[in-house]
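# Summary of structural features
Now for the letters of each chain:
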Amino acid sequence: MFSRISRRIPFQNLNRTSVLHRAQPLLTKPAAPSTAFFSSQRSLKTRLREGENLYGLFLLSFSPEMAEIASYAGYDFIVVDMEHGAGGVREALTCIRAVDAAGSSTVLRVPDNCQAWTKKALDLGPDGIMFPMIETGKAASDAVSYCRYRPDGLRGCAYSIVRDSKFGFDEEYLRNYTDQLLIMCQIESKEGVKNVKDIVAVDGMDCVMMGPRDLSASLGLLHDPGNAKVKSLMRTAETAVIASDPENGGAYLAGMATAQDKPVDLRLRGYHMIIGATDVPLFKKAVVDDVKSFKFGCS
């Protein structure tokens, strides 16, 4: 071994100066990552502005494997559901990382419209945030304020050390964070439909997400979401949102496909974002069909 080395580098040349010269690159300060390093993937807001219709999935299981598989399958975004799912902040983070790695985008639905949950959720670095049960313009305005740093809002400042800013490596973060984050408010009650124009008019509120199941419950029709009264209120809210201009203070329209409204139906009615399914019932159907096929010979 020594003879092979000595033939390449004569021993007498291994003086202190040459050793330090070769070691010099290790002493050089590493270059900071460029802005392009953090912006290789287009944000959901950018894609909406460019006219794309986006297709997503609700994730209740908090399974990073399910999140990653769904992303590779081609869903444009994954809604990690902290309102009804069993996971918390740590579990949501693993799902976000899985979605990011697979090239999709994450929206976090928080359990409630409050400052504490919003702060926790946004520090994880999702692409969007969804607030449930927004019934007034004031509630929508509060939601937006929880997403903005002072003096424009009420969000607590830890941006230099949290994942949302790439732990401080993204030097353009404060200039860009409001343009990158998609803020979604759910209208899922008759009170919300009544105030839809006030909600849509809130500056910084980007997208209205319709909630037909809770809307039917607010009308006393929990077991009848296909009722004509529910459909009528849905159309009222849809019309108001679609009539607004997202580039001039209006909002995009998002919704969840149901037995009454297939994904294609929502797209034809002008929805910009459509959630086609939820991971738990998808898995439930797959395993039930598999068991039936084996035990009962059903195809």
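This is a predicted model, so every value here is computed, not measured.

### Looking at the overall build of the protein chain
Along the backbone of the protein chain there are 15 helices and eight strands. By the burial criterion, 43% of the 299 residues in the protein chain qualify as buried. Accessible surface, the protein chain: about 16400 Å² in total, of which carbon and sulfur atoms supply 56%.

### Here we look at unusual backbone geometry
Cis geometry is adopted by the peptide bond preceding proline 151, which originates at arginine 150 and carries an omega value of 10 degrees. The phi torsion at methionine 133 lies on the positive side, around 50 degrees, for a residue other than glycine. Examined against the element boundaries, methionine 133 turns out to sit in the loop between strand 4 (128-131) and helix 8 (137-145). By relative accessible area, which is 37% here, methionine 133 ends up partly exposed. Of note, phenylalanine 167 is a non-glycine position whose phi angle comes to about 60 degrees, a positive value.

### Quick notes on the sheet that holds strand 3 (residues 105-109)
Strand order in the closed barrel formed by eight strands is 1-2-3-4-5-6-7-8, with parallel pairing between adjacent strands. With direction set aside, neighbouring strand axes in the sheet form an average angle of 25 degrees. Across four bridges, strand 4 lies against strand 5 (residues 182-187) in parallel orientation. The partner of glycine 128 across the bridge, within strand 5, is leucine 182.

### As for the pattern of salt bridges
For the coordinates displayed, the defined rule picks out 16 salt bridges. Put simply, glutamate 52 and arginine 42 hold a salt bridge, and the shortest N to O gap is 2.8 Å. Taken together, the residues glutamate 52 in the loop between helix 4 (44-49) and strand 1 (54-59) and arginine 42 in the loop between helix 3 (35-38) and helix 4 connect sequence positions 10 residues apart. A relative accessible area of 22% means that glutamate 52 is categorised as partly exposed. Residue aspartate 206 pairs with lysine 45 through a salt bridge whose shortest N-O separation is 3.6 Å. Placement of the pair is aspartate 206 in the loop between helix 11 (196-200) and strand 6 (207-210) and lysine 45 in helix 4, with a sequence separation of 161 residues. The pair aspartate 206 / lysine 45 is uniform in exposure class, with both members buried. Each of the salt bridges in this network shares a partner with another, and the network as a whole consists of Arg42, Arg47, Glu50, Glu52 and Asp76.

### Some details on helix 6 (residues 89-101)
Along its 13 residues, helix 6 runs 18 Å from first to last C-alpha, staying within 8% of the 18 Å computed at 1.5 Å per residue. Along helix 6, the residues classified as buried are Ala92, Leu93, Cys95, Ile96, Ala98 and Val99. In this fold, the buried residues of helix 6 make contact with strand 1, helix 5 (64-73), strand 2 (77-81) and strand 3. The positive-phi residue at the C-terminal boundary of helix 6 is glycine 103, with phi of around 85 degrees.

### A few points about the side chain of threonine 278
Position of threonine 278 among the secondary structure elements: in strand 8 (residues 273-278). Excluding residues that lie within four positions of it along the chain, threonine 278 makes contacts with Leu57, Phe58, Leu60 and Met256.

### Concerning the packing of aromatic side chains
Taken as a whole and assessed by the stated rule, the structure comprises six aromatic pairs. Where tyrosine 173 meets tyrosine 177, the ring centres are 5.6 Å apart and the plane angle is 25 degrees; that geometry is what we call stacked. One end of the pair is tyrosine 173 and the other is tyrosine 177, both in helix 9 (residues 173-180) and four residues apart, which spans about a single turn. With respect to burial, tyrosine 173 and tyrosine 177 carry one shared label: buried. Site record: aromatic cluster; members linked through ring pairs are Tyr149, Tyr159, Tyr173 and Tyr177.

### Observations regarding the layout of surface pockets
Here the second largest pocket is characterised by a volume of approximately 620 Å³. Ranked by the residues each element gives to the lining of the second largest pocket, the list is headed by helix 13 (residues 228-243), at four residues. When its residues are assigned to classes, the lining of the second largest pocket shows 13 nonpolar, seven polar and nine charged.

### Observations concerning the nonpolar core
Within the largest apolar cluster, 53 residues are counted, with the highest numbers of intra-cluster contacts made by Leu108, Ile129, Phe131, Met205, Val208 and Met210. Ignoring sequence-local partners within four residues, the contact set of valine 208 consists of Cys185, Ile187, Val200, Val241, Ala251, Tyr252, Leu253 and Ala254.

### A short note on the pairing of strand 5
Counting buried residues along strand 5, six of its six residues qualify, which places the element largely inside the surrounding structure. With burial as the criterion, each face of strand 5 is covered, one bearing Leu182, Met184 and Gln186 and the other bearing Ile183, Cys185 and Ile187. Across four bridges, strand 5 lies against strand 6 in parallel orientation. Residue pairing for strand 6: methionine 184 is matched across the bridge by cysteine 207.

Calculation notes
- Residues numbered from 1 in each chain as written.
- Predicted model: local features only at pLDDT ≥ 70, side-chain atom pairs only at ≥ 80, totals over all residues.
- Heavy atoms only, no water.
- Helix = DSSP H or I, 4+ residues; strand = E, 2+ residues; numbered from the N terminus.
- Buried < 20%, exposed > 50% of the residue type's maximum accessible area, 1.4 Å probe, protein only.
- Areas by Shrake-Rupley, 256 points an atom, 1.4 Å probe, with all protein chains shown as cover.
- Pairing = 2+ DSSP bridges.
- Axes fitted to C-alpha atoms, helices over the stretch in contact; angles between N-to-C directions.
- Salt bridge = Lys/Arg side-chain N within 4 Å of Asp/Glu carboxyl O.
- Expected span 1.5 Å × (residues − 1).
- Contact = heavy atoms within 4.5 Å.
- Phe/Tyr/Trp six-rings, centres within 6.5 Å; stacked < 30°, edge-to-face > 60°.
- 1 Å grid on protein atoms, 1.4 Å probe; cavity = no way out; pocket = protein on both sides within 12 Å on 5 of 7 lines; lining within 4 Å.
- Points joined across faces, edges and corners; volume = space filled by probe spheres on them.
- Nonpolar A, V, L, I, M, F, W, Y, C, P; charged D, E, K, R; others polar.
- Core = buried A, V, L, I, M, F, W, Y, C linked by side-chain atoms within 4.5 Å.

Honestly, that's just the spatial picture; any functional story needs more than this.
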